[in-house]
Amino acid sequence: FARIGAADAPDTVLVQLRGPAGEGIAEVPLGTTLREIVTLGGSPGRPIKALLVGGPSGGILPASLLDTPYEFAALREVGAHLGSGSVVVADDRACIVDLARLLTSWCAAQACGKTIPCRIGTRRLAEIGERMVAGTSRPADPAVLADLSADIVASGLCDHERLTTLPL
């Protein structure tokens, strides 16, 4: 297996792909670009707006990062991770703000609540997302979102609460 995949991340990985053109699971060498993974599902048919990489607590990456290798260090560099091994393609019809709201709300609902950043912070993130999607956001919401996300990352005890901020 050392000959398969990236030099610093040898081996293969299963990837679950979901997009407008279809869905499926493929085994790819680590280091395969996101663009190559997306083409395994066929042509999206419409322009790609973004990719959700790593599952509900994964990062939402713009289409300009399609040439990012699907491996640990490269994804971490751009704000994503392998996570659950999923790649979801969002085409030009998708509302990325609504996608981030949905993911943040799901992560907040899954939080154990052991710490204040987990119990309160993730729920506040979800509330801000709800206001943004509803068109009732407050002028300070973007700054509060950024500050609260930084606080959660800095003080969280587990990866769940730290990764909850990735879709933002």
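Report follows, based on the coordinates.

What counts and what doesn't
Residues numbered from 1 in each chain as written. Predicted model: local features only at pLDDT ≥ 70, side-chain atom pairs only at ≥ 80, totals over all residues. Heavy atoms only, no water. 1 Å grid on protein atoms, 1.4 Å probe; cavity = no way out; pocket = protein on both sides within 12 Å on 5 of 7 lines; lining within 4 Å. Points joined across faces, edges and corners; volume = space filled by probe spheres on them. Helix = DSSP H or I, 4+ residues; strand = E, 2+ residues; numbered from the N terminus. Expected span 1.5 Å × (residues − 1). Buried < 20%, exposed > 50% of the residue type's maximum accessible area, 1.4 Å probe, protein only. Contact = heavy atoms within 4.5 Å. Nonpolar A, V, L, I, M, F, W, Y, C, P; charged D, E, K, R; others polar. Pairing = 2+ DSSP bridges. Axes fitted to C-alpha atoms, helices over the stretch in contact; angles between N-to-C directions. Parallel < 35°, antiparallel > 145°, perpendicular 65-115°, else oblique. Left-handed = near helix turned anticlockwise from the far one by under 90°.

**Considerations on the layout of surface pockets**
Phase 1: Of the volumes computed, that of the largest pocket is approximately 160 Å³.
Phase 2: Taken together, Phe72, Arg76, Gly79, Ala80, His81, Leu82, Leu163 and Leu166 make up the lining of the largest pocket.

**Remarks on helix α3 (residues 96–110)**
Phase 1: In a regular helix each residue adds 1.5 Å, so 15 residues correspond to 21 Å; α3 covers 21 Å between its end C-alpha atoms and thus fits that length.
Phase 2: Regarding α3, the residues found buried are Ala100, Arg101, Leu103, Thr104, Cys107 and Ala108.
Phase 3: Tucked inside the fold, the buried residues of α3 contact β5 (48–53), β6 (59–62), α4 (116–134) and α6 (159–163).

**Quick word on unusual backbone geometry**
What you tend to see is this: most non-glycine residues have negative phi, and most peptide bonds are trans.
Phase 1: Phi at Asp11 takes a positive value of approximately 115 degrees, unusual for a residue other than glycine.
Phase 2: Note on placement: Asp11 falls in the loop between β2 (9–10) and β3 (12–19).

**Focus: the environment of Gly85**
Phase 1: Tracing the backbone through its elements, the reader meets Gly85 in the loop between α2 (72–77) and β7 (86–91).
Phase 2: C-alpha of Gly85 to C-alpha of Gly54: the two residues are 31 residues apart in sequence and 5.5 Å apart in space.

**Looking at empty space enclosed by the protein**
Phase 1: Under the defined criterion, the tally for this structure stands at one cavity of 30 Å³ or more.
Phase 2: Of the voids in this model, the largest cavity is the one considered here, and its volume is about 60 Å³.
Phase 3: Forming the walls of the largest cavity are Leu17, Arg18, Gly19, Pro20, Ala21, Gly22, Val38, Gly41, Gly42, Pro44 and Val89.
Phase 4: Of the residues that constitute the lining of the largest cavity, the class distribution is six nonpolar, four polar and one charged.

**Let's talk about the environment of Ala143**
Phase 1: Looking at where Ala143 falls in the secondary structure, it is placed in helix α5 (residues 141–155).
Phase 2: Between the alpha carbons of Ala143 and Cys158 there is a distance of 24 Å; along the sequence they are 15 residues apart.

**Some words on the pairing of β5**
Phase 1: Counted residue by residue, β5 has five buried out of six residues, so it is predominantly covered.
Phase 2: With five bridges joining them, β5 and β7 adopt antiparallel strand pairing. Paired with Leu51 across the bridge in β7 is Val89.
Phase 3: The pairing of β5 with β6 spans four bridges and is antiparallel. Bridge assignment links Leu52 to a residue of β6, and that residue is Ile60.
Phase 4: Counted along the chain from β5 to the antiparallel partner β6, the turn is five residues long, and its residue Gly54 has a positive phi close to 105 degrees.

**Structural notes on α5**
Because each turn of an α-helix spans 3.6 residues, side chains separated by three or four positions end up pointing in the same direction.
Phase 1: Here α5 contains 15 residues, and its C-alpha end-to-end distance of 21 Å stays within 8% of the 21 Å for a straight helix at 1.5 Å per residue.
Phase 2: Of the surrounding secondary structure, the elements contacted by the buried residues of α5 are α4 and α6.

**Examining the packing of α3 against α4**
Phase 1: One can describe the packing of α3 onto α4 by two numbers: an axis separation of 8 Å at closest approach and a directional angle of 150 degrees. Here α3 lies roughly antiparallel to α4, going by the angle between them. Taken as a pair, α3 and α4 cross one another with a handedness that is left-handed. Touching Val97, Asp98, Arg101, Thr104, Ser105 and Ala108 of α3 are Thr122, Arg123, Leu125, Ala126, Gly129, Glu130, Met132 and Val133, all from α4.
Phase 2: Residue composition of the contact of α3 with α4, grouped by class: six nonpolar, four polar and four charged.

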